[in-house]
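Chain residues, written in single-letter form:
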Amino acid sequence: MMQDADPPVHSDPPMQRPSSRRRFLRTTLAAAGASVLAACTKGAEAVRSAVTPGPSPSPTPRARGSVTTYDPADDAVAKLDTRWPIKRVVYLMLENRSFDNLFGAYPGANGARVGNDLGKEIPLRRCPAWLPGDLPHDFGAAYADVNDGKMDNFKLAWLSEVSEYYAYSQIAREDVPNYWDWASEYVLCDNLFASVLGPSFPNHLCFVAGDHYGAFDNPENSRPVPVPEGGRSKSWGCDAPDNVFVYLRDADRELTEARPCFDHTTVPDQLHRERIPWAYYAADRNQVGYIWSTLNAFPSVFSTDLWEENVRPVDHLVDDIRANALPAVTWIVPRYELSDHPPWSSTNAHNWTTEIVNAIMEGPQWEHTALFITWDEWGGFYDHVPPPTLDQNGLGIRVPMLVISPYARRGMIDHELGEFTSPLRFIQDNWGLPHHTRPIRRTHNFEHVFDFRGRPRAPEPRPPVPVTGDPFVHPGRDPSWPKRFKIQDLGQ
């Protein structure tokens, strides 16, 4: 089935809306509704309900995101009373790693060291920090990987030589030691799934708004275009070129096309109405990674002063944390080069995340902070647990989530079924906001992973992994790669 897709699943889409792509999606979605998603539902029965970027390589003036240090006097005018002793929530979303790719070997977790390749057991080879290219990870690739719930078809050799070799791979603990240390000291979720069986865009909608609104794949026709700031920009939001569109699928599995610009309420909208301070850190428009600045897909933010006042350059994040300038709720998405998205270095992503966590731990608000760290989808890497079916587009393939807080239960492996809306439920319940979407209403609020009766624990900052070279420059080759591999797509 996948061989008949035109264009291939991971190639750039043509500028005209491809009728063959629509036919492929209709056929695939119909089959998914009848087989693979039903099989995934059966699978659900087995589960319980320091890189310092410094100046940008191409520095741009700070044009948005004015920052002020938190002032307790703001309590008098903002709704800052909370259900739990958490006054600051930080929600960080990295890129493209399955649970088994990062934590499959973690002791006590529901992980795997051996993969299923069309019924044949194969050991998961070591995944290097740098890869020679990307792995297929759009909706079609997800559908093929899940393979009627058998979770045995991840190689997709006809689409990607990199996928054929590295889909069944696993990152070693010594390459990302702090992830494992945080899991040991705080909470690791081993039953959390991407909200959508598909790639970044719909899952990032769930990350900020609590719903995918029918989206299940990335926008079509999206290409980098020149921008006034200099350089080029690729957008998946309201500022994308006019010919960019996204396929939506309703509850009856009917396909429609729409601009990636949604007139829906986000959780930042809710916070704004209640005068609860918030911020969203993302790549600037002329940086690679702007596609994940997802609030540009919501006019309620993008077309208002909130875009200038609350959406901040991610290059300034660590400085803002050290200045005690994070508001009550903060969303973070990375620059592409530090995102964990192949082919970029997983070690550099680990060190950047470490720098963020250390800065939070060393700040005055640590005692009142809850930090959620996750990866936006599986990225084409093997995972052995079939995703449950909760609606027409999800859930997606399993990903890790870490919960770090002085109140987090020490060394807990959380087996409760969760998704990307679960931290949003925590935010809404902590500040007494309504559950405005069905995915948020049906999920848990993470209260079970905290011990709010105990005393907050002291922080334990951790060192980065030693690395050489520039994190913003791909080294070109890795000695561990097969000799035939050459550098492929570096993103955007």
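Residues numbered from 1 in each chain as written. Predicted model: local features only at pLDDT ≥ 70, side-chain atom pairs only at ≥ 80, totals over all residues. Heavy atoms only, no water.

Visitor: Help me out: how do you make sense of the overall build of the protein chain in this one?
Guide: Check the secondary structure of the protein chain and you find 13 helices and 16 strands. Sorting the 492 residues of the protein chain into buried and exposed places 62% on the buried side. Taken as a whole, the protein chain presents about 18000 Å² of accessible surface, with 50% of it coming from carbon and sulfur. (Helix = DSSP H or I, 4+ residues; strand = E, 2+ residues; numbered from the N terminus. Buried < 20%, exposed > 50% of the residue type's maximum accessible area, 1.4 Å probe, protein only. Areas by Shrake-Rupley, 256 points an atom, 1.4 Å probe, with all protein chains shown as cover.)

Visitor: So what exactly am I meant to see when it comes to the sheet that holds strand 13 (residues 329-332) here?
Guide: Note on sheets: strands pair through backbone hydrogen bonds, and any given pair is parallel or antiparallel. Across the sheet, 8 strands lie side by side as 12-11-13-1-14-15-6-16; this open sheet has mixed pairing. In the strand order of this sheet, the two ends are held by strand 12 (311-313) and strand 16 (412-414), each with one partner. Here the average twist between neighbouring strands, direction ignored, is 20 degrees. Where strand 1 (residues 88-94) and strand 14 (residues 369-375) come together, 7 bridges link them in parallel fashion. Residue pairing across strands places Leu94 opposite Trp375, the latter belonging to strand 14. Where helix 11 (residues 346-361) meets the sheet, its contacts fall on strand 1, strand 13, strand 14 and strand 15 (401-404), and the angle it forms with strand 1 comes to roughly 175 degrees. (Pairing = 2+ DSSP bridges. Axes fitted to C-alpha atoms, helices over the stretch in contact; angles between N-to-C directions. Contact = heavy atoms within 4.5 Å.)

Visitor: Would you explain the state of the cysteines in this entry?
Guide: A covalent bond between the sulfur atoms of two cysteines is what we call a disulfide. The full count for this structure, using the stated rule, is 1 disulfide. With a sulfur-sulfur separation of 2.0 Å, Cys238 is cross-linked through a disulfide to Cys261. Between Cys238 and Cys261, the disulfide has an S-S torsion of 95 degrees and is therefore right-handed. On the criterion of sequence distance, the pair formed by Cys238 in the loop between strand 8 (232-233) and strand 9 (246-249) and Cys261 in the loop between strand 10 (255-258) and helix 7 (267-273) is long-range, its members being 23 residues apart. In this structure Cys238 comes out as buried when scored by relative accessible area, which is 16%. Residue Cys261 is classed as partly exposed on the basis of its relative accessible area, which comes to 30%. (Disulfide = S-S within 2.5 Å.)

Visitor: I would appreciate a short explanation of the pattern of salt bridges in the present structure.
Guide: It is possible for side chains of opposite charge to pair when their charged atoms get near one another. Taken as a whole and assessed by the stated rule, the structure comprises 22 salt bridges. The salt bridge involving Arg173 is made with Asp181; its shortest N-O contact spans 3.5 Å. Residue Arg285 is joined to Glu229 by a salt bridge in which the shortest nitrogen-to-oxygen separation is 2.9 Å. Residue Arg285 is found in the loop between strand 11 (278-282) and helix 8 (299-302), and its partner Glu229 is found in the loop between strand 7 (225-226) and strand 8; the two are separated by 56 residues along the sequence. For Glu229, a relative accessible area of 43% corresponds to the partly exposed category. Through salt bridges that share partners, Arg83, Arg425, Asp429 and Glu447 make up one connected network. (Salt bridge = Lys/Arg side-chain N within 4 Å of Asp/Glu carboxyl O.)

Visitor: Any chance you could explain helix 11 here in plain terms?
Guide: An α-helix turns once per 3.6 residues; consequently, residues spaced three or four apart project the same way. Over its 16 residues, helix 11 runs 22 Å from end to end, which matches the ideal 22 Å to within 8%, given 1.5 Å per residue. For helix 11, the buried fraction is high: 16 of the 16 residues fall into the buried class. (Expected span 1.5 Å × (residues − 1).)

Visitor: Honestly, the packing of helix 5 (residues 177-185) against helix 11 in this entry has me stumped. Any pointers?
Guide: Packed helices, taken two at a time, are described by their axes: the angle between them and the distance between them. The contact between helix 5 and helix 11 brings their axes to 9 Å, and the two run at 45 degrees. Taken together, the axes of helix 5 and helix 11 are oblique relative to one another. Taking contact as the criterion, the partners of Pro177, Asn178, Tyr179 and Trp182 in helix 5 are, on helix 11, Ala349, His350, Thr353, Thr354, Val357 and Met361. Taken together, the residues of the contact of helix 5 with helix 11 sort by class into 6 nonpolar, 4 polar and no charged. (Parallel < 35°, antiparallel > 145°, perpendicular 65-115°, else oblique. Nonpolar A, V, L, I, M, F, W, Y, C, P; charged D, E, K, R; others polar.)

Visitor: What should I look at first to understand the pairing of strand 2 (residues 114-117) in this one?
Guide: A regular strand places its side chains on the two faces of the sheet in alternate fashion. Judged by which residues are buried, strand 2 turns out to be one-sided: Gly115 and Asp117 face inward and are buried, whereas Val114 and Asn116, on the alternate face, are not. Pairing analysis gives 4 bridges linking strand 2 to strand 3 (residues 120-123), with the strands arranged antiparallel. Note on strand 3: the bridge partner recorded for Asn116 is Glu121.

Visitor: It is not clear to me how unusual backbone geometry should be interpreted in this structure. Could you clarify?
Guide: Peptide bonds are trans in most cases, and residues, glycine excluded, mostly fall at negative phi. With an omega of 10 degrees, the peptide bond running from Pro342 to Pro343 counts as cis. With respect to the element layout, Pro343 can be found in the loop between strand 13 and helix 11. Here Tyr213, not a glycine, exhibits a phi torsion of approximately 55 degrees, which is positive. Within the secondary structure, Tyr213 is located in the loop between helix 6 (200-209) and strand 7. In this model, Asn324 sits at a positive phi of 55 degrees, which is unusual for a non-glycine residue. If you trace the backbone, Asn324 turns up in the loop between helix 10 (317-322) and strand 13.

Visitor: I'm lost on helix 12 (residues 422-431) in this one. Help?
Guide: Within helix 12, 10 of the 10 residues are buried, which leaves the element mostly enclosed by the surrounding structure. Every buried residue belonging to helix 12 is among Ser422, Pro423, Leu424, Arg425, Phe426, Ile427, Gln428, Asp429, Asn430 and Trp431, and all of these are buried. One or two steps after helix 12, the chain reaches Gly432, where phi turns positive at roughly 65 degrees.

Visitor: Is there a simple way to explain the environment of Pro423 in this structure?
Guide: Turning to its location among the elements, Pro423 is positioned in helix 12. On the basis of relative accessibility, which here comes to 0%, the residue Pro423 falls in the buried class. In this structure the C-alpha to C-alpha distance between Pro423 and Thr443, which are 20 residues apart in sequence, comes to 9.4 Å. Residues in contact with Pro423, not counting those within four places in the same chain, are Tyr91, Phe372, Met401 and Phe446.

Distances and angles like these do not, on their own, reveal function.
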